[in-house]
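Here is what each chain is made of, one letter per residue.
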Amino acid sequence: MEGGCTAVPWNAWYYTRMLSWLKQSLNRFGRPAVTEPSPAPGPLVIPRDRHTISRANISGNALKVLHRLSKAGYEAYLVGGGVRDLLLGREPKDFDIATDADPEEVRHLFRNCRLIGRRFRLAHVHFGPEIIEVATFRGSGAGDGEEAAGGDTSENGMLLRDNIYGTLEEDAWRRDFTVNALYYDIRDFSVVDHTGGMADLEAGRLSIIGEPGQRFREDPVRMLRAVRFAAKLGFRIDEASEAAIHELGHLLREVPSARLFDESLKLFLAGYAVETFELLRHYRLFEHLFPETEEALSHEEGNFPLVFVARALENTDRRIDEGKPVTPAFLFAALLWEPVRREAAMLREAEGMTPIQALQLAGDRIVARQVSRVAFPRRFSLQAREIWALQERLQQRSGKRPSRLLEHPRFRAGYDFLELRAGAGEESQELATWWREFQSADENARKSMAAGAPSDGRRRRSRRGGGRRRSKRPAGSPAE
Ligand code: ATP
Ligand code: MG
């Protein structure tokens, strides 16, 4: 053995090359036949006149980055959702670029460039509000998921570098779905396909690259991504991936809650929330994100919770379609409303709390439990609690209260929420209509509406203690 060692040119370069080659070969053998390309080496290359991508539909800034990299002698490809969506005739959300230039080399080419990430560094090239993400090809040793190995730096920089960065082909095999691993080559405008993405795109099929169980274990968020793309593209998840999702959904519980928050926004605020929600429930993934909501849905009475959540999501999709703003707080408030309502009812009955007290305490409890799963930042959970508290305040229509309530910073969201509840049959239409009219009425009409409104505080008026406690917080002030 020792003799063998001396015969080898024993330096780090050689060693790391061998290691990466070996890993690559091992990875290849581990892959099942279904996603393995034909034994003939080399990718499928679709020339420019055989596909539908036109530069006219690519962001000018992305083209600038691609051309500059290419002129400097590097390989440069558009990749990921940009290529996938262009091939499907859809408008891409963003444009990602893959290159063989390392991040430092990218930075030298662009003044407006920042490097992010620790172990696997990415270059962000800034053009005003648009950011073009440039990633160096990942090699087989680059770790998985989102910077799972952050901070894992080696003393031997060269060893690490060689493991992290790789070739286009290695980069393709490390991506999640075949349809996300298509590369548009800026040199000749062809599309390079190593993993069978073109065939899947044509078949409307979402296939994970490699062995599904292994890839979902490496990064369970890929299960959520599968659902998100299936909903957005109207694609069918292939059978092997489906089976693995059914089996491995529980792994989502091990994903950091901050990452699940980011993913939840992509799931519910991308314009396909209704389909996404249905698929998440179908694959039993939703219960790992919002367990108390799932539990409440299983107790639905007269269809109410399901209709309410579905309407809230429909409403969100509609607003996005119309270019109106949407806030994660409203989504959060809607998804958790039923658990909050149930908890509040329990507190009223068991502890004798006033409705507003019960609602506030229930909100605190549900939020505290939920954020350990999906970490909605505090600014959103505070707003959600205000929206919930407003549901009780909107009951109070007499005297000066309704006019003061209009000044509440969250009034509009609270009122929209009330409309949704009324639409779902959980609150009276009469109340929602009253508030709609009250908002558009002039000063005098408002006065007479408030004078003629049914006396509120039904249950509370008779309970003076509750009334006194309530008076500490002036009507119209934020609930928090
Ligand atoms: P969209 O931007 O439309 O939501 P996308 O496919 O571009 O979809 P991004 O999150 O922008 O999704 O990621 C860009 C690309 O990076 C993906 O297409 C995929 O190739 C790769 N990728 C992203 N996340 C993962 C992951 N968890 N595992 C493997 N590859 C991933
Ligand atoms: Mg993208």
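What you see is a predicted model; the values in this text were computed from it and never measured. (Residues numbered from 1 in each chain as written. Chains lettered and ligands numbered in written order. Predicted model: local features only at pLDDT ≥ 70, side-chain atom pairs only at ≥ 80, totals over all residues. Heavy atoms only, no water.)

Quick notes on the pairing of strand S5 (residues 122–127)
Each regular strand displays side chains that alternate between the two surfaces of the sheet.
Argument step 1. By the criterion of burial, S5 is predominantly enclosed, with 5 of the 6 residues buried.
Argument step 2. As paired elements, strand S4 (residues 113–116) and S5 share 4 bridges and run antiparallel to each other. Looking at the pairing, Cys113 lines up with Val125 of S5.
Argument step 3. A loop of 5 residues connects S4 with S5, the two strands running antiparallel in sequence, and Gly117 in this loop sits at a positive phi of about 80°.
Argument step 4. Pairing between S5 and strand S6 (residues 130–136): 6 bridges, direction antiparallel. For His124, the partnering residue across the bridge sits in S6 and is Glu133.
Argument step 5. In this antiparallel pair of consecutive strands, S5 and S6, the connection spans 2 residues, and Gly128 shows a positive phi of 55°. (Buried < 20%, exposed > 50% of the residue type's maximum accessible area, 1.4 Å probe, protein only. Helix = DSSP H or I, 4+ residues; strand = E, 2+ residues; numbered from the N terminus. Pairing = 2+ DSSP bridges.)

Topic: the pattern of salt bridges
Argument step 1. Counted under the stated rule, the structure contains 28 salt bridges.
Argument step 2. A salt bridge links Asp171 to Arg175, with the shortest nitrogen-to-oxygen separation between them at 3.0 Å.
Argument step 3. The exposure class assigned to Asp171 is buried, which follows from its relative accessible area of 5%.
Argument step 4. Of the residues examined, Arg175 reaches a relative accessible area of 21% and is grouped as partly exposed. (Salt bridge = Lys/Arg side-chain N within 4 Å of Asp/Glu carboxyl O.)

Thoughts on the sheet that holds strand S8 (residues 191–193)
Argument step 1. Pairing within the open sheet is mixed, and its 8 strands lie in the order S1-S8-S7-S2-S3-S6-S5-S4. Single-partner strands in this sheet number two, and they are strand S1 (44–46) and S4. Between one strand axis and the next, the sheet turns through 30° on average, direction left out of account.
Argument step 2. Note: strand S2 (residues 76–79) against strand S7 (residues 182–185), 3 bridges, orientation antiparallel. Bridge pairing links Leu78 to Tyr184 in S7.
Argument step 3. Sheet strands touched by helix H3 (residues 60–71): S2, strand S3 (96–99), S5 and S6. Its angle to S6, the strand with the most contacts, is close to 35°. (Axes fitted to C-alpha atoms, helices over the stretch in contact; angles between N-to-C directions. Contact = heavy atoms within 4.5 Å.)

A few points about the confidence of the model for the protein
Argument step 1. In the predicted model, the protein carries a mean pLDDT of 84, and 81% of its residues have values of at least 70.
Argument step 2. Scored below 50 in pLDDT, residues 1–39 shows 32 contacts in the model against residues more than four places distant or in partner chains.
Argument step 3. Here residues 457–480 scores under 50 on pLDDT; set against residues more than four positions off or in separate chains, the count is 45 contacts. (pLDDT = per-residue confidence, 0-100.)

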